[in-house]
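The residues making up each chain are set out below.
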Amino acid sequence: MTTKKRENANAWKVIISFNGEMRTAFAKHELLLRVKFSEAVKRHWKESALMRFDEAERLDSSTWYGKTYTASGKLLEYKVIWKVDLIKQAASRLGALGGAAGRGKAKRRGNSIYYKKLRAMQKKKKKKKK
(Lines give C-alpha, C1' and ligand atoms only; values in the text may rest on other atoms or scores of the structure.)
Protein backbone atom coordinates (compact mmCIF):
# COMPACT_ATOMS: atom_id res chain seq x y z
CA MET A 1 0.00 0.00 0.00
CA THR A 2 1.44 3.37 -0.99
CA THR A 3 0.97 6.58 0.90
CA LYS A 4 -0.93 9.46 -0.64
CA LYS A 5 1.26 12.31 -1.90
CA ARG A 6 0.81 15.46 0.18
CA GLU A 7 0.92 18.44 -2.15
CA ASN A 8 2.15 21.70 -0.66
CA ALA A 9 2.15 20.33 2.89
CA ASN A 10 3.35 23.19 5.08
CA ALA A 11 4.01 25.39 2.08
CA TRP A 12 3.98 28.54 4.26
CA LYS A 13 6.47 29.37 7.01
CA VAL A 14 6.50 32.32 9.41
CA ILE A 15 9.48 33.32 11.56
CA ILE A 16 8.37 35.42 14.54
CA SER A 17 10.76 37.71 16.48
CA PHE A 18 9.79 39.05 19.90
CA ASN A 19 12.04 40.30 22.73
CA GLY A 20 15.14 38.87 21.01
CA GLU A 21 13.62 35.39 20.69
CA MET A 22 12.63 33.72 17.44
CA ARG A 23 9.95 31.10 16.85
CA THR A 24 8.77 29.38 13.68
CA ALA A 25 5.30 28.23 12.61
CA PHE A 26 4.20 26.33 9.51
CA ALA A 27 0.89 26.06 7.65
CA LYS A 28 -0.61 24.55 4.53
CA HIS A 29 -2.15 27.78 3.26
CA GLU A 30 -2.15 31.51 4.00
CA LEU A 31 -5.34 31.65 6.08
CA LEU A 32 -4.19 28.82 8.33
CA LEU A 33 -0.84 30.61 8.70
CA ARG A 34 -2.62 33.53 10.41
CA VAL A 35 -4.12 31.12 12.92
CA LYS A 36 -0.81 29.35 13.51
CA PHE A 37 0.87 32.74 14.02
CA SER A 38 -1.57 33.70 16.78
CA GLU A 39 -1.27 30.28 18.41
CA ALA A 40 2.54 30.42 18.41
CA VAL A 41 2.59 33.90 19.99
CA LYS A 42 0.09 32.78 22.63
CA ARG A 43 1.96 29.54 23.37
CA HIS A 44 5.50 30.92 23.57
CA TRP A 45 5.06 34.43 24.96
CA LYS A 46 1.59 34.39 26.58
CA GLU A 47 0.61 37.38 24.43
CA SER A 48 -2.22 37.95 21.99
CA ALA A 49 -1.47 39.22 18.47
CA LEU A 50 -2.84 39.07 14.94
CA MET A 51 -0.72 38.78 11.83
CA ARG A 52 -1.57 41.56 9.38
CA PHE A 53 -0.36 39.87 6.24
CA ASP A 54 -2.08 42.47 4.04
CA GLU A 55 0.20 45.18 5.44
CA ALA A 56 3.41 43.15 5.12
CA GLU A 57 6.15 44.44 2.83
CA ARG A 58 7.09 42.13 -0.05
CA LEU A 59 10.85 41.48 -0.13
CA ASP A 60 10.91 39.15 -3.15
CA SER A 61 8.67 36.69 -4.98
CA SER A 62 8.32 34.36 -1.99
CA THR A 63 9.21 36.44 1.10
CA TRP A 64 7.33 39.10 3.09
CA TYR A 65 8.31 41.13 6.15
CA GLY A 66 5.88 42.72 8.59
CA LYS A 67 5.35 44.17 12.04
CA THR A 68 2.40 44.01 14.37
CA TYR A 69 1.60 44.83 17.98
CA THR A 70 0.42 42.56 20.75
CA ALA A 71 -2.69 43.37 22.78
CA SER A 72 -0.41 44.84 25.47
CA GLY A 73 1.27 47.16 22.92
CA LYS A 74 4.58 45.34 22.41
CA LEU A 75 6.15 45.14 18.93
CA LEU A 76 6.31 41.81 17.10
CA GLU A 77 8.22 41.31 13.83
CA TYR A 78 7.61 38.48 11.41
CA LYS A 79 8.94 37.13 8.13
CA VAL A 80 6.70 34.99 5.93
CA ILE A 81 8.22 32.57 3.43
CA TRP A 82 6.34 30.69 0.74
CA LYS A 83 8.47 27.54 0.52
CA VAL A 84 7.00 26.04 -2.65
CA ASP A 85 9.09 28.21 -5.00
CA LEU A 86 12.26 27.61 -2.99
CA ILE A 87 11.82 23.85 -3.13
CA LYS A 88 11.34 23.89 -6.91
CA GLN A 89 14.43 26.04 -7.36
CA ALA A 90 16.55 23.78 -5.16
CA ALA A 91 15.32 20.67 -6.99
CA SER A 92 16.20 22.14 -10.38
CA ARG A 93 19.70 23.08 -9.17
CA LEU A 94 20.31 19.59 -7.78
CA GLY A 95 19.04 18.04 -11.00
CA ALA A 96 21.41 20.19 -13.02
CA LEU A 97 24.39 18.72 -11.13
CA GLY A 98 23.43 15.23 -12.27
CA GLY A 99 25.94 12.51 -12.93
CA ALA A 100 26.62 9.27 -14.77
CA ALA A 101 25.61 6.87 -12.00
CA GLY A 102 25.78 6.37 -8.26
CA ARG A 103 23.75 6.81 -5.14
CA GLY A 104 23.65 8.86 -1.97
CA LYS A 105 25.43 12.05 -1.01
CA ALA A 106 28.07 11.86 -3.72
CA LYS A 107 25.40 11.90 -6.45
CA ARG A 108 23.50 14.76 -4.88
CA ARG A 109 26.65 16.83 -4.57
CA GLY A 110 27.95 16.13 -8.07
CA ASN A 111 31.20 14.61 -6.79
CA SER A 112 33.29 13.80 -9.89
CA ILE A 113 35.87 11.76 -7.94
CA TYR A 114 33.10 9.37 -6.91
CA TYR A 115 32.19 8.74 -10.56
CA LYS A 116 35.81 8.19 -11.59
CA LYS A 117 36.11 5.51 -8.90
CA LEU A 118 32.88 3.89 -10.08
CA ARG A 119 34.08 3.75 -13.68
CA ALA A 120 37.43 2.30 -12.61
CA MET A 121 35.65 -0.41 -10.60
CA GLN A 122 33.41 -1.25 -13.56
CA LYS A 123 36.42 -1.59 -15.87
CA LYS A 124 38.11 -3.94 -13.36
CA LYS A 125 34.99 -6.12 -13.17
CA LYS A 126 34.78 -6.34 -16.96
CA LYS A 127 38.44 -7.38 -17.21
CA LYS A 128 37.98 -10.10 -14.57
CA LYS A 129 34.99 -11.59 -16.43
CA LYS A 130 37.00 -11.99 -19.65
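The shown structure was predicted, so the numbers you read here are calculated from the model rather than taken from an experiment.

Undergrad: Would you take a moment to explain the pairing of strand β3 (residues 57-60) for this structure?
TA: Regular strands show a simple pattern: their side chains alternate between the two faces of the sheet. Relative to strand β4 (residues 63-69), β3 is paired through three bridges, and the arrangement is antiparallel. Residue pairing in the sheet places R58 in a bridge with W64 of β4.

Undergrad: Could you clarify how one ought to interpret the nonpolar core in this entry?
TA: If you look at soluble globular proteins, the nonpolar side chains tend to sit buried side by side. Counting 21 residues, the largest nonpolar core has V14, I16, F37, M51 and V80 as its most contacted members. Secondary structure elements with two or more residues in this core: β1 (12-18), β2 (21-27), α1 (30-45) and β5 (75-82). Tallying contributions element by element places α1 first for this core, with five residues. Beyond its immediate chain neighbours, meaning those up to four positions away, F37 contacts V14, I16, A49, L50, M51, T68, L76 and Y78.

Undergrad: Got a minute to help me understand α1 in this structure?
TA: Each α-helix winds once per 3.6 residues, and so residues spaced three or four apart point in a common direction. Along its 16 residues, α1 runs 22 Å from first to last C-alpha, staying within 8% of the 22 Å computed at 1.5 Å per residue. Turning to α1, its buried residues are L33, F37, A40, V41 and W45. With its buried residues spanning 95° around the axis, α1 presents them on a single face. Residues of α1 that are exposed and point over 90 degrees away from its buried face: L31, K42 and R43.

Calculation notes
Residues numbered from 1 in each chain as written. Predicted model: local features only at pLDDT ≥ 70, side-chain atom pairs only at ≥ 80, totals over all residues. Heavy atoms only, no water. Pairing = 2+ DSSP bridges. Helix = DSSP H or I, 4+ residues; strand = E, 2+ residues; numbered from the N terminus. Core = buried A, V, L, I, M, F, W, Y, C linked by side-chain atoms within 4.5 Å. Buried < 20%, exposed > 50% of the residue type's maximum accessible area, 1.4 Å probe, protein only. Contact = heavy atoms within 4.5 Å. Expected span 1.5 Å × (residues − 1). Arc of directions from axis to C-beta.

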